[in-house]
Amino acid sequence: MSKMEQGMSRRNFLVGAGAVSALGALGLAGCSPKKSASDEKAASGEAGSATSGSNDWLGEAPEIAASDIKETRETDILIVGAGMSGSAAIATAIDEGANFIAVDKGTEPAACHFDIGAINSKWTAEAGEHVDEGRLLNEMNRYASFKNIAAVTNTWIKNSGAMVEWLYDFYAKHGVETKVELDIENGSDGKAGGTNYYIPAECHHFMTADGKRVDHVKAIAQIAEESGNPVQYGFDMVKLIREDGGRVSGAIFKTEDGYVQINAAKAVILACGGYAGNAEMVKARNPIVPACVTSTNFNQNNTGMGMKAAAWVGAALDIEGAAMIFDRGIVEPGVDAGYADESTASFATGGQFNLGSQPFLKVDRNGHRITNESANYDAICHAASTRPGGVWCQVFDVNAPEDVQRFKTQGCSAMTWKQTLKDKTVDEAYDEKYISKGLMMKADTLDELADKLGFEGEAKEAFLAEIDNYNAMYDAGEDTQFGKEAYRLSAIRTAPFYGAWYGGSLLTTLDGIRINENTQVLDTKGNVIDGLYAVGTASGSFYAGNYPVYIVGDCLGRQMTFGHYSVRHAEGTIA
């Protein structure tokens, strides 16, 4: 990979190694059910009109008697949540010398994500690259069907480059020396998805000298501890404090010692994640998730409490749902998408399997090809949500290792061709974990493969015919069916043959509390709620319907940029 690097590294105990763990990091058949008037108001943030009922995920703010408050604390800035966005806020508060308290629902630092999307940093310039900011803004607008707030998107675009430069300096100041690598391999030629996407060089990795990735959550938590202001764990937010439509002045938390009230003279910053861990809320706000997801890969502490608490004090919420769904939730034949246990918001799954993001032929249970397989990670998931079981089958032959080198996919799916299948056979890469466990099927004939995958009768005939048609399009060098690029077609002729069933893998929800360009929370009339900020996946106004995966790391870039920005705005130090 071509990269620009800077600096050396030490403190290896502060870094994460290996593949990204989605758990704890960020930290949905068919159509949405008809909503009642109260449900519609709840979905748009008009919390005061919501009524309790079986379909009411919002409920009402609990009444906490003053006598039940066991302790009251005072601070200037209260940071609720210490994941990626909260960590950036904590680091900024330390750097600003702010008087702050940071709390988190969990019992230890959450897992970390690593791809930081940042625009036109000094590393971008050193690599001889430049991101067209206007084009990128409109690419993000297009992804969201212009249901985002463009000024909010611009906060990331205009401030993320300076944020990663600040983060580099912050680490160095606290004895964590890093090098920053800019991924410029993808370029901006738009080679993805059957259409022209803008794919700028904006993905930054913070690394150590020995090639490990910096675990930002753990690193910043340790710096906070060394600075005398540690993250306080086991604080489960119950409600925000806002009197008579005035400013938000603090929050109440449930702890093992009872209720604790924390008053904040300047700001409460909600960085407490989305709602992927709340099945009732997901079904109401993001119904496509259970229609196509099979894999649980999110922080199950993220139950939407920040969104609920904000709505209870009058905040508006995004109208349309959005989720980060990757096409990697491998399952055994016959398993449907959907919740296995709604009480824990968990899905029946064989785990997340990176190979699912490769653009091989994908068909539904009736044996029919679904759509262009060379597209956004969530594209096949969304398309399959209207097909039987919400799942799809991926098929290829023994030449897969050579095929994926030609496909040259973007983002984390590139690990398949850069690492997993590089100089390996399919069996060498996948037998132990997938083939031998009955998750990936292997056969000497396509007829046998169809049987192992569960195709019968007309579905089997359609499956075999679809492969014949796909091979013919490969020979002709043109996808006359769905317009996939010729270089991402592949023949399925040489035994052994392989196939596996997938649904989506849910990493996080992306819709949330409406904010302005300063990350301040807005009420249902578009007015700022004084003293209240929202960042990370608790916040909204940025996405709608999907995750723009080709803008690699934009979610984490947004989280850290907005966490950094919110503290500086509350402190009045933004130039």
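Report on the accompanying structure. Computed from a prediction, not measured in an experiment: that's the story for all the values here. (Residues numbered from 1 in each chain as written. Predicted model: local features only at pLDDT ≥ 70, side-chain atom pairs only at ≥ 80, totals over all residues. Heavy atoms only, no water.)

### Details of unusual backbone geometry
Cis peptide bonds are those with omega within 30 degrees of zero, and the linkage from Ala 495 to Pro 496 qualifies with -5°. Within the secondary structure layout, Pro 496 lies in the loop between α15 (457-476) and β21 (497-509). Residues other than glycine seldom take positive phi values, yet Thr 519 does so here, at roughly 70°. Following the sequence through the fold, Thr 519 ends up in the loop between β21 and β22 (520-522). For Thr 519, a relative accessible area of 0% corresponds to the buried category. Backbone geometry places Ser 541, a non-glycine residue, at a positive phi of 70°. Take Ser 541: it is sitting in the loop between β23 (528-534) and α16 (554-571). Overall, the relative accessible area of 1% leaves Ser 541 in the buried class. (Helix = DSSP H or I, 4+ residues; strand = E, 2+ residues; numbered from the N terminus. Buried < 20%, exposed > 50% of the residue type's maximum accessible area, 1.4 Å probe, protein only.)

### Some words on the packing of aromatic side chains
In this description, an aromatic ring pair is defined by two values, namely the gap between the centres and the angle between the planes. All told, the structure shown has 21 aromatic pairs when counted by the stated rule. Seen in terms of ring centroids, Phe 542 and Tyr 543 are 4.8 Å apart; in terms of plane orientation they differ by 65°. Their pairing is edge-to-face. The exposure classification of Phe 542 matches that of Tyr 543, with both residues buried. Members of the aromatic cluster, connected to one another through ring pairs, are Trp 156, Phe 542, Tyr 543, Tyr 547 and Phe 562. One residue, Arg 365, lies across the ring of Trp 501, its end atom 6.0 Å from the ring centre. Sitting above the plane of the Phe 542 ring, Arg 558 keeps its charged end 5.3 Å from the centroid. (Phe/Tyr/Trp six-rings, centres within 6.5 Å; stacked < 30°, edge-to-face > 60°. Lys NZ or Arg CZ within 6 Å of the ring centre and 35° of its normal.)

### Here we look at the pairing of strand β13 (residues 258-270)
Pairing geometry for strand β2 (residues 69-80) and β13, over 10 bridges, is parallel. From the neighbouring strand, Val 80 faces β13, where its bridge partner is Leu 270. Note: strand β12 (residues 248-255) against β13, six bridges, orientation antiparallel. Residue pairing in the sheet places Gly 250 in a bridge with Asn 263 of β13. Counted along the chain from β12 to the antiparallel partner β13, the turn is two residues long. Pairing of β13 with β23 involves three bridges; the strand directions are parallel. Bridge assignment links Leu 270 to a residue of β23, and that residue is Ala 534. (Pairing = 2+ DSSP bridges.)

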